[in-house]
Amino acid sequence: MNKKRKAIYDKTGGRCFYCGSQLGEKGWHADHVEAIRRDWWTDTCINPHLDHDDNKVPACASCNLQKGPLTIEQFREKIADFVKSLNSYHNQYIVAKRYGLVQETEVIKPLFWFERVGEGNQ
Ligand SMILES: [Zn+2]
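Residues numbered from 1 in each chain as written. Predicted model: local features only at pLDDT ≥ 70, side-chain atom pairs only at ≥ 80, totals over all residues. Heavy atoms only, no water.

A. Broad picture of the coordination of the zinc ion. Donor atoms from the polypeptide that coordinate the zinc ion comprise Cys 16 (SG), Cys 19 (SG), Cys 60 (SG) and Cys 63 (SG), at 2.3 to 2.4 Å from the metal. Here the zinc ion is ringed by 4 donor atoms whose angles at the metal span 101 to 115°, and the overall shape comes out tetrahedral. (Donors = N, O, S within 2.8 Å, 3.2 Å for Na, K, Ca; no water. Tetrahedral: all angles 85-135°; square planar, octahedral: opposite > 155°, others 65-115°.)

B. Highlighting the packing of aromatic side chains. Applying the stated criterion across every chain, the model contains 8 aromatic pairs. Aromatic side chains Phe 17 and Tyr 18 sit 5.2 Å apart centroid to centroid with 85° between the ring planes, which places their arrangement in the edge-to-face category. With respect to burial, Phe 17 and Tyr 18 carry one shared label: buried. Relative to Phe 75, the ring of Tyr 18 lies with its centre 5.5 Å away and its plane at 90°, an arrangement referred to as edge-to-face. Taken as a pair, Tyr 18 in the loop between helix 1 (3-9) and strand 1 (29-32) and Phe 75 in helix 3 (residues 72-89) lie far apart in primary sequence, 57 residues in all. (Phe/Tyr/Trp six-rings, centres within 6.5 Å; stacked < 30°, edge-to-face > 60°. Buried < 20%, exposed > 50% of the residue type's maximum accessible area, 1.4 Å probe, protein only. Helix = DSSP H or I, 4+ residues; strand = E, 2+ residues; numbered from the N terminus.)

C. Here's a closer look at the side chain of His 32. Here His 32 is to be found in strand 1. Side chain to side chain, His 32 and Asp 51 meet in a polar contact 2.8 Å long. If sequence neighbours within four positions are ignored, His 32 has contacts with Leu 50, Asp 51, Asn 55, Lys 56 and Lys 67. (Polar contact = N/O pair within 3.5 Å; in protein donor to acceptor, adjacent residues only side chain to side chain. Contact = heavy atoms within 4.5 Å.)

What follows is the structure in C-alpha cells.
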C-alpha cells in the first residue's frame, strides 16, 4: 500500500468508515465523503476542489458502490429504504419471513461506523 493510501486507511484503523467492517490491505476503496463528479466525455473532474485526501475515507467496496455520489444523509436514506424494498419486491425475503427464517425489524435510520465510534461503541 502506498503512503497516500496508507494515510487514508489509517484514518479509521483500517475499518470501513460507513459500516465498520475490517478492511484488508487490498480491495478497499478511497471514498470521497463529498462526492466528486466526473465529466465522462472528457474524463475530467468537474469539482476538483473536492479531490483531496482530507475528503477521502476508507470504505469497503459495497458501501462505496452503494453510496456512489450521494451525500451521507442520502446514503442513510437509501440504506433505510432497503427493508421497504425487500418487503415490496423480493419474493425470497417475503417467503423467508413467512417461514420465520427472517425476523421483521423496525425500520430505522442506520448509524454509520464513524457515528457509532463517537458514541463509544466500536
Ligand atoms: Zn462498509
